[in-house]
Amino acid sequence: MSAHGPSRHDLLTIGQLADRSGLAASALRYYEKLGLIHATRTTGNQRRYTRGTLRRIAFVRAAQRVGLSLDEAKVALDRLPEHRAPSGAEWDGVAQSWQSRIDEQIAELERLKAKLTGCIGCGCLSLTRCGLYNAADRAGATGPGARYLLTRDPATGPEPAGGDFTE
């Protein structure tokens, strides 16, 4: 790179960037619109990207793999230098900011796993009564098993444990 900026040999067209990154050109334009990547324009108004843009795209894709939204990836990218490779300390700062988000996702997956484990073979036979599909399911509060099969009147639902059920 010269003192006047990158030479034309250091810049990538949108097609080259798409080929190298594995993203469609439309996705690259969208990333640019969101401010995740940046392009310069030729006199003919064609986009040109520095090779460092590949690093930014890889970063965004890694962020998505750990469950971050594009907005969250942008916040993280805004903390990193745009025109040089980030230092180890800069990467560590971003990784630390992701740690709590990843921990939250793990906890959510553990809760889902527990619900699925309890759900398998429950016998409810209905998505409208399922504790996963219908989290506020009143049958779930009355105990395990096929609660609607144990009630005298399936139209009114299971008999509540320990008292009357009122909505």
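Rules used in this analysis
Residues numbered from 1 in each chain as written. Predicted model: local features only at pLDDT ≥ 70, side-chain atom pairs only at ≥ 80, totals over all residues. Heavy atoms only, no water. Helix = DSSP H or I, 4+ residues; strand = E, 2+ residues; numbered from the N terminus. Contact = heavy atoms within 4.5 Å. Areas by Shrake-Rupley, 256 points an atom, 1.4 Å probe, with all protein chains shown as cover. Pairing = 2+ DSSP bridges. Buried < 20%, exposed > 50% of the residue type's maximum accessible area, 1.4 Å probe, protein only. Arc of directions from axis to C-beta. Patch = residues over 30% accessible without salt bridge, like charges linked within 9 Å, V, L, I, M, F, W, Y side chains within 5 Å. Salt bridge = Lys/Arg side-chain N within 4 Å of Asp/Glu carboxyl O. Core = buried A, V, L, I, M, F, W, Y, C linked by side-chain atoms within 4.5 Å. Expected span 1.5 Å × (residues − 1). Polar contact = N/O pair within 3.5 Å; in protein donor to acceptor, adjacent residues only side chain to side chain.

**Student:** When you look at the overall build of the chain in this model, what are you seeing that I'm missing?
**Tutor:** Within the chain, the regular secondary structure consists of six helices and three strands. Going from N to C terminus, the chain has its helices and strands arranged as β-α-α-β-β-α-α-α-α. Excluding contacts between residues fewer than 6 apart, the proportion of contacts in the chain whose partners are at least 24 apart in sequence is 43%. About 11,200 Å² of surface is accessible on the chain, with carbon and sulfur atoms providing 54% of the total.

**Student:** What am I meant to see in the sheet that holds strand 2 (residues 40-41) here?
**Tutor:** Strand pairs in the sheet, formed through backbone hydrogen bonds, run parallel or antiparallel to each other. Read from one edge to the other, the open sheet built from three strands follows the order 1-3-2, with strand pairing classed as antiparallel. Only two strands of the sheet have a single neighbouring strand rather than two, namely strand 1 (11-12) and strand 2. Bridge count for strand 1 against strand 3 (residues 47-50) is two bridges, and the pairing is antiparallel. Bridge pairing in strand 3 places Leu12 opposite Tyr49.

**Student:** Looking at this model, I keep getting lost on helix 1 (residues 14-21). Mind explaining?
**Tutor:** Of all the positions in helix 1, only Ile14, Leu17, Ala18 and Ser21 are classed as buried. Down the axis, helix 1 shows its buried residues gathered within 100° of arc, on one side only. Every exposed residue of helix 1 that faces more than 90 degrees away from the buried side is listed here: Asp19 and Arg20. Next to the buried residues of helix 1 lie strand 1, helix 2 (25-34), strand 3 and helix 3 (52-65).

**Student:** Would you mind going over a nonpolar patch on the surface with me for this structure?
**Tutor:** Residues Leu109, Leu112 and Leu116 make up a contiguous nonpolar surface patch of about 270 Å² in total accessible area. Locating Leu112 in the fold gives a position in helix 5 (residues 88-119).

**Student:** What should I look at first to understand the pattern of salt bridges in this one?
**Tutor:** Side-chain pairs of opposite charge can arise whenever the charged atoms involved come near each other. As enumerated under the stated definition, the model contains four salt bridges in all. In this structure, Arg101 engages Glu72 in a salt bridge whose closest nitrogen and oxygen atoms are separated by 2.9 Å. Separated by 29 residues along the polypeptide, Arg101 in helix 5 and Glu72 in helix 4 (residues 70-78) bring together distant segments of the chain. With a closest N to O distance of 2.7 Å, Arg111 and Glu108 form a salt bridge. Taken as a pair, Arg111 and Glu108 lie in helix 5 at a separation of three residues, close to a single helical turn.

**Student:** Quick question: what am I supposed to make of the nonpolar core here?
**Tutor:** Generally speaking, a soluble globular protein has its nonpolar side chains buried in company with each other. Counting residues in hydrophobic clusters, the biggest one holds 23 residues, and the most contacted among them are Leu17 and Leu28. Looking at this core, the elements that each hand over two or more residues are helix 1, helix 2, helix 3, helix 4 and helix 5.

**Student:** Help me out: how do you make sense of helix 3 in this one?
**Tutor:** An ideal rise of 1.5 Å per residue puts 20 Å on 14 residues; helix 3 measures up with 20 Å between its terminal C-alpha atoms. Of all the positions in helix 3, only Thr53, Leu54, Arg56, Ile57, Phe59, Val60 and Ala63 are classed as buried. Positive phi shows up at Gly67, right after helix 3, with a value of about 95°.

**Student:** What exactly am I supposed to notice about the pairing of strand 3 here?
**Tutor:** If a strand is regular, its side chains alternate between the two faces of the sheet. Bridge count for strand 2 against strand 3 is two bridges, and the pairing is antiparallel. Residue pairing for strand 3: Thr40 is matched across the bridge by Arg48.

**Student:** So what exactly am I meant to see when it comes to the environment of Tyr49 here?
**Tutor:** Relative to the assigned elements, Tyr49 resides in strand 3. For Tyr49, a relative accessible area of 0% puts it in the buried group. Each C-alpha atom of the pair Tyr49 and His38 lies 6.9 Å from the other, and the pair is eleven residues apart in sequence. Of note is the side chain of Tyr49, whose polar atom sits 2.9 Å from the side chain of Glu32.

Keep in mind that these numbers describe shape and distance, not what the molecule does.
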